[in-house]
2 protein chains.
Amino acid sequence: MSSVVETKTPIAVNTAACIGGGVIGAGWVARLIENGLSVRVYDPMPDAAARMQPVLDNADRAYAKLTMAQRPKKGELVFCASIEAAVSSAQWIIESVPERLALKQSIYAEIEEHAAVDAIIVSSTSGIMPSDLQAQMQHPGRLIVAHPFNPVYLLPVVELVAGKLTDAGIIDTARTFYSSLGMKPIHVKREIEAFVADRLLEAIWRESLWLIKDGITTTEDLDDIVRFGFGLRYAQMGVFETYRIAGGEAGMRHFLEQFGPCLTWPWTKLMDVPEYNEELVELIAGQSDQQSGHRGIRELERIRDDNLVAIQQALKANNWGAGVILADYEKKLFDAGAAVANGGTGAESEIDYSQPIRTTERRIPPDWTDYNNHMNEARYLQCFGDATDAFMRMIGCDAEYMASGGSFFTAETHIRHLDEVRVNEPVYTLTQVLMGEGKKMQLFHGLHHGDGRLLATGEHMLIHVSLETRAACVPGAAVAQELARIVALQASLPLPEGVGRAVGQVRVQARVVEQTQNPTEDNS
Amino acid sequence: MSSVVETKTPIAVNTAACIGGGVIGAGWVARLIENGLSVRVYDPMPDAAARMQPVLDNADRAYAKLTMAQRPKKGELVFCASIEAAVSSAQWIIESVPERLALKQSIYAEIEEHAAVDAIIVSSTSGIMPSDLQAQMQHPGRLIVAHPFNPVYLLPVVELVAGKLTDAGIIDTARTFYSSLGMKPIHVKREIEAFVADRLLEAIWRESLWLIKDGITTTEDLDDIVRFGFGLRYAQMGVFETYRIAGGEAGMRHFLEQFGPCLTWPWTKLMDVPEYNEELVELIAGQSDQQSGHRGIRELERIRDDNLVAIQQALKANNWGAGVILADYEKKLFDAGAAVANGGTGAESEIDYSQPIRTTERRIPPDWTDYNNHMNEARYLQCFGDATDAFMRMIGCDAEYMASGGSFFTAETHIRHLDEVRVNEPVYTLTQVLMGEGKKMQLFHGLHHGDGRLLATGEHMLIHVSLETRAACVPGAAVAQELARIVALQASLPLPEGVGRAVGQVRVQARVVEQTQNPTEDNS
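Residues numbered from 1 in each chain as written. Chains lettered and ligands numbered in written order. Predicted model: local features only at pLDDT ≥ 70, side-chain atom pairs only at ≥ 80, totals over all residues. Heavy atoms only, no water.

## Re the overall build of chain A
Phase 1: From N to C terminus, chain A includes 17 helices and 13 strands.
Phase 2: Looking at chain A residue by residue over its 524 residues, the buried ones come to 60%.
Phase 3: Pairs at least 24 residues apart make up 70% of the contacts formed inside chain A by residues separated by at least 6 positions.
Phase 4: For chain A, the accessible area works out to roughly 19200 Å², and carbon and sulfur atoms hold 51% of it. (Helix = DSSP H or I, 4+ residues; strand = E, 2+ residues; numbered from the N terminus. Buried < 20%, exposed > 50% of the residue type's maximum accessible area, 1.4 Å probe, protein only. Contact = heavy atoms within 4.5 Å. Areas by Shrake-Rupley, 256 points an atom, 1.4 Å probe, with all protein chains shown as cover.)

In C-alpha cells, the structure reads:
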C-alpha cells in the first residue's frame, strides 16, 4: 500500500465533495458552504436537494446569529449526478451514507476510481472502525473517520480516528482543516467501535429506556432532569472536571475514594438490555409525542439552534470551552473582514475613504429586541460602538496596538432614533470622521437598514488614552498619521444632518426634516 | 402512624434548619439565605463554619451576577451546637449527612424529639429510598427526599421522591417551596435507589472509567468531547427531545426504528464493571491532575459558576429551559423590588419623588466589559434604558399598560462618560424628570458608582406611542396624571449639570467642572 500524504503541511481545500445528503451529510454541506468552500454533493435519492434545504436554511439562520463578524462569501453548492462528478475536483471527500460496511467500502472503491490520488477521504460513521473501512482501499493511508454531531453546522466537536493503515500526518492535516471551520477536533487515540461520545450516549440511552419502561419517570421529566441539572454542567465542564470539583481540595483522588466503591452497588440496570419491541416503541414514542408533539421538527430545530448559539455566545463572554472556539473563529473572520469592510473584494486599498465608510454589517440578533418587539435602545449604541471599533481598526488602533498600551475611550455620545428595526433585519453603518487631531477624534455614524433607510445617527467624541495611566495622551505616530489621512480625504464632505444637536433641540429643529422618517415623532 | 400534613396549602417557611454542612448542606444554606430565609445549621465538625464559608462566598458572588433584580435581604445564618437548637424553631428541616441509613435514621429520631410536629423533614440523599429513611419515624408522613445537584445554589433541578408512608400533599408543598427558591422541582414518580439523574450519571461514569482504563482516550479529551459536543445539547434539551429531532419529521418512532436494534450490538462495556483498585485511581487521578491541576478548586468553582450563570442568562434571552425558571424567579424579585426601589422598606408611598429617584441598582456583570476591561459604552445606555423602564413602571407604564397598547419610545439620547467602571462594581441610577407633557417625556439619569461617584449622565427625550399604529399619541389618563404629579414635585429641583449639551460643546464647557472626575478628559 502506498502512502499518499506523508507531510504535516495543511493542504489547501477549496472544493469538498459530500457523498450522502442525510441529516449528517447536509450538516457537513452547510458548515462547508457557510465557511466559503465549494461543495459538490452526490446523493442517489431523487429528492435529495429538497430534503437538504431545511438544514441549509437552518444553518443560514444560525450563522446570521452566531457571529457579528463578516463571513466569507457562501461557497457554491452543486448537486452531481454521479460520484465521479462529485469527487473528481475535490480535495476533501466526506462520506455520510448509511452505516453498512459493505456499502461504504463499495463507495470508497468508486471514489478512488475518480478522485485525485492525494484527495483525503473521510467517513462520518458513528460506529464502524476506520481499519475496517479502509481494508479494501487502493490508497487506504488517506482515510480517517471524522465523526460529527448533530447539528453539524453548530456543534464544535468532531472525533478524529485513524485506522491501522492511515498515514502519519493525516490526523494533523484534519485537525487544521476542521479547526478552520470553527470546530474542535479531538483525536481518539485508539480505535474502538462507536468511539467515545457514542459510548457515553449509548450508556445514557439504555438507562433512560429502563427508567421509562419501569415507570420510574416519563420522557418529559427525564429530559427536564437533564436540562435543568447536569446538562448545564456538561455544557462547560465534562465528566472528570466536574467531579474533580465535587472532590473538593483533595481533588479527583478524594472523589474516587468517596464514590469508587459505589461501582459495585446494585444501583443500575446497566447489566441488562431492555428488549426492543413494539411495546417499548409505543411507550417511548407516545410519551415523546405528549412532551414535544405540539411543536414541529422545524420549530424544535430552530429552538435548539438558537439555544446552541446563545450558549456558545455566553461561554465566549466567559472565555471558556466552546466559547473559546467561537472567539478564535470570530477573530479570524474579523481579521479577514477588516479588509473587506467596504464591501470590496478583500483588498484594503479599495476602500474609498473620501466617502462615509461602511464600517459594519449585521442582522439584528433575537436577543437584541425588547418588550416593544424592536431593537432595544442600548443596542443602537452597541452598533455605533462596533462601528467605532471597526474604524479604529482601520486606522491601526487594533488589538496589537491596544496591547502596546493605547486606545480611544468615548467621552460623549448623541443619538437620534429615527426609525425602528426588528429581529433578523439587515443593517449597516456608514462612518464619517468629523475631526481627528491631537488626543481627540469625533465620529458621526449613520445606522442604515439594509434597504438604505436611515434608522439612527450617533455622534461621538473620543479621547485617546494610555491604558496604563488611564490619562489622555496623543496616539502613536502611525495611528495619528492614518487618522489624519482619512480626515483630509473626508474634509470636503458636507456636515451630516443632525451634527451638534442637543436633546430638546429636536423639538424645534428636527421636526421639519424628520417628520416623514420618524414614526415616533410628535406631529402635534 | 398519624398524618401531620394533609393539606396542599403551602406552608409559610421563615426558618429552615440544615443538618450537615458539607458541600451539599452548605449549598442548601447558601440558596436559602440568598432567598431571605433564616437558617439554623448543625454540623458536628468543629470547623464546619470555616468549611462552609467558601460555598457561601461563591453563592454571594454568583447571585450578584445571576440577576439584576433587587434580591431580598440575605437571611440570618446561625450555627447551632445541637440538633435541638437547630430544629426547634424551623418549619423546613434539610438533612444532608453522609449516605448511611442507620446514621440518617438516628438523626431523624433526634429531630423528631425537638422539632414542631408539622415541620417538614427532607433528605438530600442521592441514593437511599425514602421508604427506608422513614421506616422508623414517629411521623413518617412528613418525610420526603429532595435531591439537589452541585452547586445547589445555582443548578435549578431538584428531584422530589415520596416514600410509601409520605402524606398526600407533601410533594405539592415541596414543589411550591422549591419553586419559590428559583428551582425546578421534578417529582420522580416511583422510588428506586439513586432516582433518575444519578442513574444516568452512573451509566456515564462507568463507561467513562472503561474508556480511560482501556486507553481509548484521556480524561481531558473525554471532557472535551462532552463539553464541545452533547453537553451543549443537554443544557437545553434532554435525551428524548434531542433524539426526536434526530428522527426528523417522523419523530421518535423513526429514531427508535433506526437505532433500536443497536441495543443488542456489542458496542459497550456496560455489562461489566471496572475493578476499583489503586491502579485505576492512579490512572484517573493522574490524568485529572494533568488536565486541571494548574487551577485550584476555588478557581474551578468560580469558572463553573460564571458559566452556569451565563448559560442560564443566555437561555433566558431565548425564553427556554433553565432560562424560563430564571425569568420567573426574576419577575417575582422585580415585582417585589419595585416597591423598595427607593431603598425603602417595601412601601411604595415612602419614595420621595421630590428628589432624583433611585431607579435601579446592580453590579456590573462580567460580560458587560470590553477589551478595555471596563464597562462597554453600549451598557451605559442599557443602564439608562433600564432606569427609564423603572421610571415608566413607577408612573404605571408597566407590562399590563403596554399590553393595552401604549408605551414610550426613546427619540433622542445624550450621554456624557465621566468615569470608568469595572466588573462586579456596584452602581445605581438617580432619575430626574425634566419634562412630561402631552406626548413627551424628558428624563435625566445619573449613573453613580456605589460609592457615590458620578460615572455618566444620560439625557433622553421620549415620545408616547401607540404600539398598534407606531404613531405618537398621548398616554392614558392614569399614566399622564402620575407623570404630571412627579413633574410638579420635582419642578423646584435645579437643572442638573450637563443638560442641553451637544457633542463638542464638552470641549469648551465641560472641562472646568469635569476635570477632576474624568480620566479621559483632555487636559491640554
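Structure's up, so let's keep going.
## Notes on the interface of chain B and chain A
Phase 1: Between chain B and chain A, the residue contacts involve 168 residues of the former and 168 residues of the latter.
Phase 2: For the pair chain B and chain A, the summed buried area comes to about 16200 Å², and 65% of that belongs to carbon and sulfur atoms.
Phase 3: Run the count over chain B and chain A and you get eight salt bridges.
Phase 4: Here Lys189(A) makes a salt bridge to Asp221(B), at a shortest N to O gap of 2.7 Å.
Phase 5: Where chain B meets chain A, there are 38 residue pairs in polar contact (both at pLDDT 80 or more).
Phase 6: Counted by class, the side of chain B that touches chain A contains 83 nonpolar, 38 polar and 47 charged residues.
Phase 7: The pairing of strand β10 (residues 406-417) of chain A with strand β10 (residues 406-417) of chain B spans five bridges and is antiparallel. Bridge assignment links Ile415(A) to a residue of β10(B), and that residue is Thr413(B). (Buried area = accessible area lost by both parts, 1.4 Å probe. Salt bridge = Lys/Arg side-chain N within 4 Å of Asp/Glu carboxyl O. Polar contact = N/O pair within 3.5 Å; in protein donor to acceptor, adjacent residues only side chain to side chain. Nonpolar A, V, L, I, M, F, W, Y, C, P; charged D, E, K, R; others polar. Pairing = 2+ DSSP bridges.)

## What about the relation of the copies chain B and chain A?
Phase 1: For these two chains of identical sequence, chain B goes onto chain A by a turn of 180° and a shift of 0.0 Å along the axis, with RMSD 0.3 Å. What the superposition gives is, in effect, a two-fold axis relating one chain to the other. (Least-squares fit on C-alpha atoms with pLDDT ≥ 70 in both.)

## Details of the pattern of salt bridges
Phase 1: Evaluated as defined, the whole model comprises 44 salt bridges over all chains.
Phase 2: In this structure, Asp306(A) engages Arg61(A) in a salt bridge whose closest nitrogen and oxygen atoms are separated by 3.0 Å. Taken together, the positions of Asp306(A) in helix α12 (residues 297-317) and Arg61(A) in helix α2 (residues 48-66) put the pair 245 residues apart, joining distant regions of the chain.
Phase 3: Here Asp306(A) falls in the buried class, since its relative accessible area comes to 17%.
Phase 4: Between Arg362(B) and Asp386(B) there is a salt bridge, and its shortest N-O distance comes to 2.5 Å. Of the two residues, Arg362(B) sits in strand β9 (residues 357-363) while Asp386(B) sits in helix α14 (residues 377-394), which places them 24 residues apart along the sequence.

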